[in-house]
Amino acid sequence: MIDEVGRVVEESEPAVLTPATVTLVEGPTFCVSGASGDMEAAAPQGLFFRDMRVISDWRLSVDRLRPHHLTVMSHDPYRTTFLSRVPPHVSQSELLVERNARATWVRGCARTSACAT
């Protein structure tokens, strides 16, 4: 952790994860997000490689609206699907968002991928 002056400060307590946290793991790569699939920089979330956070903030918005979380479907320890919906603006139709997330370790490289369909 870094303080406001830029000095490295040792953390005295471990990060506390909420029940709505989703963790993907493969090899030395792991990804921690909220149940929506978003990663918040202020929380102990992100893409980590060998305990170093590589991505700290990852959020999806559609027309500046954040999708509402519906469910998480876990497939493997390194792969999951997040299902959300975007509430309608004026019309009666709703947009469903399927986000497929995967954290992988390939030939000494950490990779993550997300696909919204």
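Being a predicted model, the structure only gives us computed values, none of them experimental. (Residues numbered from 1 in each chain as written. Predicted model: local features only at pLDDT ≥ 70, side-chain atom pairs only at ≥ 80, totals over all residues. Heavy atoms only, no water.)

Structural notes on the nonpolar core
This is how it is decided: In these notes, a set of buried Ala, Val, Leu, Ile, Met, Phe, Trp, Tyr and Cys residues joined through side-chain atoms within 4.5 Å is what counts as a nonpolar core. Only protein chains enter the area calculation, which uses a 1.4 Å probe; residues under 20% of their type maximum are buried, those over 50% are exposed, and those in between are partly exposed. Strands here mean DSSP runs of E at least two residues long; helices mean DSSP runs of H or I at least four residues long; both are numbered from the N terminus. We call two residues in contact when some of their heavy atoms are within 4.5 Å.
One finds Val 22, Leu 24, Cys 31, Met 39, Leu 47, Phe 82, Ala 101 and Ala 103 forming the largest nonpolar core, which totals eight residues. Residue assignment for this core shows that the elements contributing at least two residues are strand E1 (21-26) and strand E7 (95-106). Discounting residues that sit within four places of it in the chain, Phe 82 has contacts with Val 22, Ser 33, Gly 34, Ala 35, Ser 36, Gly 37, Thr 71, Val 72, Val 97, Glu 98, Arg 99 and Ala 101.

Quick word on the pattern of salt bridges
What counts, and what does not: Salt-bridge detection follows one rule: a side-chain nitrogen of Lys or Arg within 4 Å of a carboxyl oxygen of Asp or Glu.
Summed over all chains, the structure comprises six salt bridges. A salt bridge links Arg 59 to Glu 40; the shortest N-O distance between them is 3.0 Å. Linking Arg 59 in the loop between strand E4 (52-55) and strand E5 (68-76) with Glu 40 in the loop between strand E2 (29-34) and strand E3 (46-49), this pair joins segments that are 19 residues apart in sequence. When its relative accessible area of 26% is taken as the criterion, Glu 40 is described as partly exposed. For Asp 57, the salt bridge goes to Arg 59, with nearest N and O atoms at 3.1 Å. Note on Asp 57: relative accessible area 39%, which makes it partly exposed. Each member of the salt-bridge network shares a partner with another, and the members are Asp 38, Glu 40, Asp 57, Arg 59, Arg 66 and Arg 99.

Digging into the environment of Arg 59
Here is the rule we go by: Side-chain atoms alone can form a polar contact between residues adjacent in sequence; in general such a contact is a pair of N or O atoms within 3.5 Å, and within protein one must be able to donate a hydrogen while the other accepts it.
Judged by relative accessible area, which is 47%, Arg 59 ranks as partly exposed. Spatially, the C-alpha atoms of Arg 59 and Glu 40 are 7.6 Å apart, while their sequence positions differ by 19 residues. Once residues within four sequence positions are removed from consideration, Arg 59 is found in contact with Asp 38, Met 39, Glu 40 and Arg 66. One polar contact links Arg 59 to Glu 40, side chain to side chain, over a distance of 3.0 Å. Only 3.1 Å separates the side chain of Arg 59 from the side chain of Asp 57, close enough to count as a polar contact.

With respect to the packing of aromatic side chains
Worth spelling out the cut-off: Any pair of Phe, Tyr and Trp rings, taking the six-membered ring for Trp, is counted once the centres come within 6.5 Å. Such a pair is stacked with planes under 30 degrees apart, edge-to-face with planes over 60 apart, and tilted for the rest.
Under the counting rule described, the total for this entry stands at one aromatic pair. Arranged with centres 4.7 Å apart and planes meeting at 5°, the rings of Phe 30 and Phe 48 form a pair that is stacked. With Phe 30 in strand E2 and Phe 48 in strand E3, this residue pair connects regions lying 18 residues apart in the sequence. Among the residues examined, Phe 30 registers a relative accessible area of 22% and is labelled partly exposed. What makes Phe 48 buried here is its relative accessible area of 13%.

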